[in-house]
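# Fold and geometry: a report
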Amino acid sequence: MKRNNLKKKKRSSKASLIIKVALLLVASLLICVTAYGVYITKQAKHAADSAHEVLEGREVSTLREEKVEPVHDNVSILFVGVDDSENRGQGSENSRSDALILATLNNKTKTIKMLSIPRDSYVYIPSVGYKDKIAHAHAFGGTLSTIETVEGLLDIPIDYYVRMNFNAFIDVVDALGGIEAKVPYVLHEKDEFDRNSINLQPGLQHLNGSEALALARTRKQDSDIERGKRQQEILTAIIKQVATVGAISKYDDVIKAIGDNMKTDMTFSEMKSFLSYLTQGMPRIDSLTLDGTDDMSTGIYFYQLNQESVDEVTSTLKNHLNLNKSSSSLTSGNTGKDNAAGEDDPSTNESAQ
């Protein structure tokens, strides 16, 4: 009997030790995860503070009655891609915009609509008082001029902007371990250093930062419209990669990649608000385009936008932002009564991702 009791005590003691070790490992893991989370948060806040830029005289869009709050409002973000490389010698404020993508985000449905604006679109630029290519707005008056031009074109308030140069784009894609994107044809392009080093085959490819940038910029074999579609697809691929669980361990590198190569009027708190769109995985993203025609009548190439297409896109974006209820005053109020046609009717979308 005594021998049996001794064996039971030994087994009980051993089981207790295993449980204690397991609890210690779990506690250690939780401490490490928490510490890493605190570290990442501090790094992200530092990067966000460095990237934060207030545009003088623009606390809120003139098309808004008050400033929106992304925690509970529908908002819009204008992404401005610029080439401020030393090879171009233009500087961040004097460069033309190489990519313009307007995204609207519906807080209730957690959906996104994304519009690419062709860089050669012939539009009125308020900062100079005449019509020119929309890409020139940035060269004429920086980010503020670009925002005012897009608002004038679409009658949509721009709530936030993100201006990113090509270094940031490349570094972010590389930090995420690359992205999956469809290459439409055999592509031989220059890299960010103007070297003929990018060679891609058609089909779904895993691309690094330089390759993704070359795919986003090329338009030799198709058009500016197709180029815009590719840019939307690449941005969607980046969002998809960020939304994956595996990307969490790479956030540190992503944050460092953004560094000094991005400027935005979003605060760190506002940036964190948009994480709600990723809580259930990849959000639905609808892709929009602006129809138009090529114009060489002046001897200079312009893209003449079709006004009917502009009006249709404007209506779709206003529906998504819940702004169509008022034509005279655009407000931020998300009443929860989103226009069903603007949100769910496929006929309002040029294409769905």
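Above: the structure in question.
Residues numbered from 1 in each chain as written. Predicted model: local features only at pLDDT ≥ 70, side-chain atom pairs only at ≥ 80, totals over all residues. Heavy atoms only, no water.

### Description of the pairing of strand β12 (residues 285-288)
Here β12 shows no split at all, with Ile-285 and Ser-287 on one side and Asp-286 and Leu-288 on the other all buried. Pairing of strand β3 (residues 111-116) with β12 involves 4 bridges; the strand directions are parallel. Note on β12: the bridge partner recorded for Lys-113 is Asp-286. (Buried < 20%, exposed > 50% of the residue type's maximum accessible area, 1.4 Å probe, protein only. Helix = DSSP H or I, 4+ residues; strand = E, 2+ residues; numbered from the N terminus. Pairing = 2+ DSSP bridges.)

### Some thoughts on helix α4 (residues 166-175)
Most of α4 sits out of view: 7 of its 10 residues are buried. Of the residues that open α4, the one with a side-chain oxygen 3.1 Å from the backbone nitrogen of Asn-167 is Asn-165. Among the residues trailing α4, Gly-177 stands out with phi positive, at a value near 85 degrees. (Polar contact = N/O pair within 3.5 Å; in protein donor to acceptor, adjacent residues only side chain to side chain.)

### Some points on the packing of α4 against helix α5 (residues 209-217)
Two elements in contact, α4 and α5, have axes whose closest approach is 7 Å; the angle formed by their N-to-C orientations is 125 degrees. Overall, the two elements α4 and α5 adopt an arrangement that is oblique. Both α4 and α5 take part in a crossing whose hand is right-handed. Across from Phe-166, Phe-169, Ile-170, Val-173 and Asp-174 in α4, the residues of α5 making contact are Gly-209, Ser-210, Ala-212, Leu-213 and Arg-217. Tallied by class, residues from the contact of α4 with α5 come to 6 nonpolar, 2 polar and 2 charged. (Axes fitted to C-alpha atoms, helices over the stretch in contact; angles between N-to-C directions. Parallel < 35°, antiparallel > 145°, perpendicular 65-115°, else oblique. Left-handed = near helix turned anticlockwise from the far one by under 90°. Contact = heavy atoms within 4.5 Å. Nonpolar A, V, L, I, M, F, W, Y, C, P; charged D, E, K, R; others polar.)

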